[in-house]
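The chain contents come next:
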Amino acid sequence: VNTAANTTSADLGAKNANCPSDQSHGWVVFIARLLTATTFPLIWLGGLVTTYDAGMAVPDWPGTYGYNLFAYPWQAWIYGPFDLLIEHGHRLLASLVGFIAICFVIVCYRTGERPLIRNLAWLCLVTVILQGALGGARVLFDARTVAMIHGCFGPAFFALCVVTAVACSGIKGRSEVGVWSRWFVRFAVATTVVSFLQLTIGAQLRHIHPWASPKFFLMMVHLHLTFAGIVLLGATILATMGRREPNRTLRRPAALLVGLVLMQIGLGLGTWIVNYALPWEDLSPQLSAYIISAKGYWESMVVTMHQATGSLIIAVSTMIAARGWLLSGK
Amino acid sequence: MIAAFIHRARFALVALLLAGICGCNNQPDFESAGVFRFRLEAETDQDQAKAAEAVDKLLVEWFGTPDQPRWPTVAGTSELSSSVLSMERLTRAAGPQRSDRKDNHYGLYRELCSNCHGITGDGRGPAAMFLAPYPRDFRPGWFKYKSTKRGSKPTREDLHRLINNGIPGSSMPAFAAIEHEKNDDLEAVIDYVIYLSIRGQVERELLYEAANDEELVDKALEDKAAELFQDIVAQWRDSSEQVVSVTEPTWWADASEKAAAIERGRTIYQGAVAACATCHGKSGGGHGLVRDYDDWTKDGTVRAGVEPSDRKAIKPYLAVGGLKPVPISPRDLRLGVYRGGAEPADIYRRIVQGIEGTPMPAVALKPDNPQGLSEDEVWALVAYILNMKNEANSATDTGTTATTVAASEVAK
């Protein structure tokens, strides 16, 4: 085990390697990780835009109030209204992610990366462009449903970045394949799929049309709660299975996933409270005087954190699935 | 590989985009008063479809749609209307939400209110089923928390206070954070709420008139609507004249006199004239033996001959859009949480006027009613109610919890 775990990245990082579990060129690994790392704050900022209903703070696209996106006066942006600050900031950060994706494709070719990584790089680029187009469609058509699709597509792109980063980084400990259960990978994939479904249900609640019926909302809330239970069950099974796995690259993220799901359930409860409150008098006389502050700082942070943690759960379960897939030598 | 994927999935991608952009970006409409029509049909034993259709058509002509609101141009009401709301603010509060570089926000009602109160202001927003109490239905024109007399409209200040401060013990948030110094967003929201209320009340009263006069729809619907509209708008204009004036007694600031007043208030609270204990319980815990519903619930159930607690009987009511009847809970006065305001003047007004739309009655007052309470007795009651929280805290400190008090009350 130690021998495998201590294998240096130089040994694993041979260029043009054909095995999917090998590490890519250092620059490729760096850019893949950078792409993943910048996508998460982008998702955060996108969530903040939704929380503050700032999606239509800039009515044109791809420009900003007639300016080229990058030429919009920074003073007007920074010192302007908060909604404009976050919406324009979201667009700029998205452009940065798009730029990194372009660099990623170029570097993959320049370093003669293997076909798997090259294809993943192209897929990242196409996906980020599509996501940008969805964001544009949301603005140009002022369509709440497109905003919801845009909100769901973001975490899917994030998961793709994670897969790419894992594939580029390679994996240590391939010698332990023998003890590896194929069920673990299957469970990780299933947890990822269920987590994504859960996120889409959450997006339905978050982007609900004001003319939607109370019954539809009721059904979605019940579905959201049910899926929360399923995700928790999946994460718990993964963590339990992961405890028998000597390889830390799987054991740790599986434990992290359970922690994230538990935190997410707490944040979900918090999100409900800061949106709709609870019948406090029946639960706690001490809290019965609580008044929700609409668009208050903490209220907004809780809601946005709930949305971002949902993406993080998908990313972590995707990482486990991708690592497991590489470990199993598929 | 990627090209192949895009090639294979191109139809799905295009369909997804089209579904999102075209199919789901429909223009919303105001909903008809289905529950009220259900009640009228039950009362008259006649189908009201024709009247409902005519009224719907008239309402669109007069009040427009959620995206493009209009204000009726009834002869002689322009001055009256401008005293009630501003068309510029109303337009700003309507439609889909957006904002501009100057931080002007548009579509404020949809951004802040419609998720609970519904696009029509019928209290049937998507989240309505989960809230306790249900969000307010503005259409009948009944408002619970206000400084005006029972049966009158609230003042703009009343609405501003509720929207700005929120309502403790309910899901109504405080919107103080969105009040920008340079604009009047909350005023625009108030205008829109008044607009929805007037529109809804015209609809209800017109339907009522049509149900009781078969010839109205064919002959004089517009004339009747104009008459109703004028009357309702005038009620809103004159609401400030209906404010219940409040003067604190001279002893209010004197601690010893106030302590004596609290004891007097205790007797009045338990007494037969005020009869507070009947609903709020002897200790104020809200555990009285009265089971009742608010007027919004009764409107489509009791008044339609449907028993709200009968699960089978309420099915037709639920089918036309009614929310599941929930008995109204008298306030637990020991919590010190007052939805309509915690100032002595607020409590005073709720005692002398009751709470509109709820079973909370107005207390009988002298000299109109010789058996009623005097002004001083009402203030003694106010002092006692406001002191209940302190008494409950003392009881908790000495080991008598609110729960045990409540349990003993229920047992009695």
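Residues numbered from 1 in each chain as written. Chains lettered and ligands numbered in written order. Predicted model: local features only at pLDDT ≥ 70, side-chain atom pairs only at ≥ 80, totals over all residues. Heavy atoms only, no water.

**Considerations on the overall build of chain B**
Regarding its fold elements, chain B presents 18 helices and 2 strands. In chain B, which comprises 412 residues, the share counted as buried stands at 51%. Intrachain contacts of chain B at a sequence separation of at least 6 include 65% that bridge at least 24 residues. Carbon and sulfur atoms provide 52% of the accessible area of chain B, an area that totals close to 19300 Å². (Helix = DSSP H or I, 4+ residues; strand = E, 2+ residues; numbered from the N terminus. Buried < 20%, exposed > 50% of the residue type's maximum accessible area, 1.4 Å probe, protein only. Contact = heavy atoms within 4.5 Å. Areas by Shrake-Rupley, 256 points an atom, 1.4 Å probe, with all protein chains shown as cover.)

**Here we look at the confidence of the model for chain A**
Chain-level pLDDT for chain A is 89 on average; 90% of the residues reach the 70-or-more range. Segment residues 1-17 of chain A: pLDDT under 50, and 22 contacts once partners within four positions in sequence are set aside and those in other chains are kept. (pLDDT = per-residue confidence, 0-100.)

**Here's the deal with the pattern of salt bridges**
Evaluated as defined, the whole model comprises 34 salt bridges over all chains. Glu 87 of chain A serves as the salt-bridge partner of Arg 91 of chain A, at 2.9 Å between the closest nitrogen and oxygen. With a gap of 4 residues between them, Arg 91 of chain A and Glu 87 of chain A both fall in helix α5 (residues 82-110), about one helical turn apart. For the pair Arg 91 of chain A and Glu 87 of chain A, a shared accessibility class is recorded, and that class is buried. Here Arg 199 of chain B and Glu 203 of chain B are joined by a salt bridge, their closest N and O atoms 3.8 Å apart. On the criterion of helical spacing, the pair formed by Arg 199 of chain B and Glu 203 of chain B is a turn pair, its members being 4 residues apart in helix α9 (residues 185-212). For the residue pair Arg 199 of chain B and Glu 203 of chain B, the accessibility class agrees, reading buried in each case. (Salt bridge = Lys/Arg side-chain N within 4 Å of Asp/Glu carboxyl O.)

**What to know about the interface of chain B and chain A**
Counting from both sides, the interface comprises 53 residues of chain B and, opposite them, 48 residues of chain A. Between chain B and chain A, a total of about 4200 Å² is buried, with carbon and sulfur atoms accounting for 66% of that surface. Between Glu 111 of chain B and Lys 295 of chain A there is a salt bridge whose closest N-O contact spans 2.1 Å. Across the chain B-chain A interface, the total number found is 8 residue pairs in polar contact (both at pLDDT 80 or more). Those elements that place two or more of their residues in the side of chain B that touches chain A are α1 (2-23), β1 (98-99), α6 (108-112) and α7 (114-117) of chain B. Ranked by the residues each element gives to the side of chain B that touches chain A, the list is headed by α1 of chain B, at 7 residues. For the side of chain B that touches chain A, the class distribution of residues is 28 nonpolar, 14 polar and 11 charged. (Buried area = accessible area lost by both parts, 1.4 Å probe. Polar contact = N/O pair within 3.5 Å; in protein donor to acceptor, adjacent residues only side chain to side chain. Nonpolar A, V, L, I, M, F, W, Y, C, P; charged D, E, K, R; others polar.)

**Considering the environment of Thr 271 of chain A**
All names here are of chain A. Among the secondary structure elements, Thr 271 is positioned in helix α10 (residues 248-276). With a relative accessible area of 13%, Thr 271 lands in the buried category. Considering only alpha carbons, one finds Thr 271 and Val 303, 32 residues apart in sequence, at a separation of 5.1 Å. When near neighbours in sequence (up to four residues on either side) are disregarded, Thr 271 contacts Val 302, Val 303 and His 306.

**Re the packing of helix α3 (residues 49-63) of chain B against α9 of chain B**
All names here are of chain B. Two numbers describe how α3 lies on α9: the axes approach to 10 Å, and their chain directions differ by 150°. Overall, the two elements α3 and α9 adopt an arrangement that is roughly antiparallel. Relative to α9, the crossing made by α3 is right-handed. Of α9, the residues touching α3 (which contributes Ala 51, Ala 52, Val 55, Asp 56, Leu 58, Leu 59 and Phe 63) are Tyr 195, Ile 198, Arg 199, Val 202, Glu 203, Leu 206, Leu 207 and Ala 210. Residues that form the contact of α3 with α9 fall into these classes: 12 nonpolar, no polar and 3 charged. (Axes fitted to C-alpha atoms, helices over the stretch in contact; angles between N-to-C directions. Parallel < 35°, antiparallel > 145°, perpendicular 65-115°, else oblique. Left-handed = near helix turned anticlockwise from the far one by under 90°.)

**Considerations on the packing of helix α7 (residues 144-169) of chain A against helix α8 (residues 182-206) of chain A**
All names here are of chain A. Running from N to C, α7 and α8 point in directions that differ by 150°, and their axes come no closer than 10 Å. Regarding the angle of α7 to α8, the classification is roughly antiparallel. In this structure, the crossing between α7 and α8 has a hand that is right-handed. Residues Arg 144, Met 148, Gly 151, Cys 152, Pro 155 and Ala 156 of α7 form the contact with α8, whose participating residues are Phe 196, Leu 199, Thr 200, Ala 203, Gln 204 and Arg 206. Residue composition of the contact of α7 with α8, by class: 7 nonpolar, 3 polar and 2 charged.

**Here we look at unusual backbone geometry**
All names here are of chain B. The residue after Ala 132, namely Pro 133, is reached through a cis peptide bond having omega 0°. Along the chain, Pro 133 turns up in the loop between α7 and α8 (156-165). Going from Lys 366 to Pro 367, the amide bond is cis rather than trans, its omega being 0°. By secondary structure assignment, the location of Pro 367 is in the loop between α16 (344-353) and α17 (375-397). Positive phi is not limited to glycine here, since Ala 275 has a value of about 55°. The residue Ala 275 is located in the loop between α12 (255-270) and α13 (276-280) in this model.

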